[in-house]
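The residues making up each chain are set out below.
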Amino acid sequence: MTYFADLSSPQVAELTSGDRVPVLLLPLGAIEPHGPHAPLGTDPLISRGMCERAAERLTADPEVHVLVLPEVPYGVTRFAAGFAGGIHVGEETLHSLLVDIGASLIGQRLRRILLVNNHFEPAHLVTLRRAAETLNFAYDGRVALLDLVRRRHAQRLTDEFRSGECHAGRYETSLVLADRPELVDQAVMRELPHVPISLTAARSASVEGGGGGMDGLAAAPEDGSFLAMGMTDAYCGKPAEATAEEGTETFSTLTDLLVEAIRELARE
């Protein structure tokens, strides 16, 4: 089985008694505008797609037992202010929720939890990192965040992702086309002009705890909004160039990164 919530209680109890190390994947994102063409749930959709593909790839692996937890689709999304559809939760709300979820699982000896995130707003990323630290130091967990904006990960992704012009642009729209093409208004998508605004360059300062490189992707303008950056339609980059083929290829790379993170966590 792929999904943790599909198991029965006795099946969950058996997870820690077998030869395979259980690793639980928690898909994360935010419900927020992704241009006039892509769904509000783009971020959690991508996270869930990565998790499903990684679990499928490792379904018969003799060393790890990968299960996908129910996603947490809500995040810190102040950037979306001024647009319809964004659902913001505060940093402390998100931190408390993730710590409670993690503590419940760690208390059942399911200590290895991998946070899989595709929403890169600075305060959101900082909160995820802090939640992982809390669970590891206060609850003796083995919790990690697959942080795609780190240089070593970002350098394996597309040119648009590395440029920072990747909110609802070619990169994200291609991924949605690969997984749920019916959710993309492709007629509108094809008419959208290039919006050359880089989230990386929006401000030179990077996220706290960053470390350089693509951590600058999670940078913000002073008042923290897409509108302040000049993203008047809540997208940047080149969504008109998106294809399902590119999305499929990118999902393969994302799955590679996730599988590597799973194996690393299983060894701890």
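Summarised in this report is the structure supplied together with it. As the structure is a prediction and not an experimental result, all values here were calculated from the model. (Residues numbered from 1 in each chain as written. Predicted model: local features only at pLDDT ≥ 70, side-chain atom pairs only at ≥ 80, totals over all residues. Heavy atoms only, no water.)

Attention shifts here to the pairing of strand β4 (residues 142–146). Bridging between strand β3 (residues 112–117) and β4 involves 5 bridges; their strand directions are parallel. Within the sheet, the bridge partner assigned to Leu 114 lies in β4 and is Ala 144. Handedness of the crossover is the feature at issue here: the chain leaves β3, passes through helix α4 (residues 122–138), returns alongside β4, and the resulting connection is right-handed. (Pairing = 2+ DSSP bridges. Helix = DSSP H or I, 4+ residues; strand = E, 2+ residues; numbered from the N terminus. Right-handed = clockwise from strand over helix to strand, strands pointing away.)

What follows deals with helix α2 (residues 42–57). With 16 residues, α2 should reach 22 Å at 1.5 Å per residue; the first-to-last C-alpha distance of 23 Å fits that figure. Looking at α2, one finds that the buried residues are Thr 42, Asp 43, Pro 44, Leu 45, Ile 46, Ser 47, Gly 49, Met 50, Cys 51, Ala 54 and Ala 55. Summarising the contacts, the buried residues of α2 are in contact with β1 (21–28), β2 (64–68), β3, β4, α7 (170–179) and α10 (244–267). (Expected span 1.5 Å × (residues − 1). Buried < 20%, exposed > 50% of the residue type's maximum accessible area, 1.4 Å probe, protein only. Contact = heavy atoms within 4.5 Å.)

For the rest of this paragraph, the subject is the environment of Val 143. Looking at the secondary structure, you find Val 143 in strand β4. Sequence separation between Val 143 and Leu 115 is 28 residues; the distance between their C-alpha atoms is 7.5 Å. Look past the residues within four positions of Val 143 in its chain and what remains in contact with it is Ile 106, Arg 111, Ile 113, Leu 115, Ala 132, Leu 135 and Asn 136.

Applying the stated criterion to the full structure yields 3 aromatic pairs. When the centroid spacing of 5.7 Å and the interplanar angle of 75° are considered together, the rings of Phe 79 and Phe 226 count as edge-to-face. Here Phe 79, found in the loop between β2 and α3 (91–106), pairs with Phe 226, found in helix α9 (residues 226–229); they are 147 residues apart in sequence, far enough to count as distant. Exposure class is identical for Phe 79 and Phe 226. Each is buried. For the ring pair Phe 161 and Tyr 171, a centre distance of 4.8 Å and an interplane angle of 50° mean the geometry is tilted. Residue Phe 161 is located in helix α6 (residues 159–163), and its partner Tyr 171 is located in helix α7; the two are separated by 10 residues in the primary sequence. As far as burial versus exposure is concerned, Phe 161 and Tyr 171 are alike and both buried. A connected cluster of aromatic rings, assembled from ring pairs, spans Phe 120, Phe 161 and Tyr 171. Between the NZ or CZ atom of Arg 53 and the centre of the ring of Phe 251, over which it lies, the distance is 3.8 Å. (Phe/Tyr/Trp six-rings, centres within 6.5 Å; stacked < 30°, edge-to-face > 60°. Lys NZ or Arg CZ within 6 Å of the ring centre and 35° of its normal.)

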